[in-house]
Amino acid sequence: MQFDTKIAVVIRTDLEAWQKLNVAAFLTSGIAAAFPHCIGEPYQDGSDTPYLALIGQPILIYGGERAALTRALERALARGVTPAIYTEDMFKTTHDEANRQAVRAVPRGELNLVGLAMRAERKVIDKIVDGLKFHQ
């Protein structure tokens with residue numbers, strides 16, 4: 001099935017494995033919050049056990065160095081796409097308000113990005129992530 005939109009997550013490749021997973025989880029929650037219509041129906045197994053609904057389309061995960069994430073952020077913003085972001089400073093905080101304060105304290109050009117996620121039309125996402133490779 002071909003979707004009109006694409007969800008892309010870009011994660012810095014030099015992070016520890018637990019950090020990459022943490023960042024991906026937080027960033028996809030941003031997509032779900034901003035685009036609730038991308039959530040599918042709840043699941044149920046053959047024993048009628050209910051399970052939560054998931055995002056109903058593939059999520060492509062790309063990797064890159066810090067400069068690549070900054071470039072992807074600027075490309076997204078230039079195309080009118082508002083991404084979810086995660087900065088290295090957010091690893092040092094313990095709650096949501098502190099995360100927002102950590103981001104607010106730094107000008108955009110100086111953000112130490114470790115991840116970003118976005119959802120937009122396929123062609124727009126392709127231009128934003130151009131040159132990036134799938135995360136390994």
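Computed from a prediction, not measured in an experiment: that's the story for all the values here.

In a soluble, globular protein the nonpolar side chains are often hidden away together inside. Core analysis: the biggest nonpolar cluster contains 18 residues, and Val10, Leu116, Met118, Ile125, Ile128 and Val129 have the highest contact counts within it. The element contributing the most residues to this core is helix H2 (residues 66–78), with five residues. Membership of the second largest hydrophobic core comes to 16 residues, among which are Leu15, Ala24, Leu27 and Tyr86.

Looking now at unusual backbone geometry. Phi at aspartate 48 takes a positive value of approximately 65°, unusual for a residue other than glycine. As for its position among the elements, aspartate 48 is in the loop between strand S2 (43–44) and strand S3 (50–51). For aspartate 48, a relative accessible area of 56% puts it in the exposed group.

Moving on to the pairing of strand S1 (residues 5–12). Taken across its eight residues, S1 has eight buried, putting it largely inside the fold. In S1, alternate side chains face the same way, and those of Thr5, Ile7, Val9 and Ile11 on one face and Lys6, Ala8, Val10 and Arg12 on the other are all buried. Bridge analysis of S1 against strand S6 (residues 113–121) gives seven bridges, and the strand direction is antiparallel. Residue pairing for S6: valine 9 is matched across the bridge by alanine 117.

Parameters and conventions
Residues numbered from 1 in each chain as written. Predicted model: local features only at pLDDT ≥ 70, side-chain atom pairs only at ≥ 80, totals over all residues. Heavy atoms only, no water. Core = buried A, V, L, I, M, F, W, Y, C linked by side-chain atoms within 4.5 Å. Buried < 20%, exposed > 50% of the residue type's maximum accessible area, 1.4 Å probe, protein only. Helix = DSSP H or I, 4+ residues; strand = E, 2+ residues; numbered from the N terminus. Pairing = 2+ DSSP bridges.

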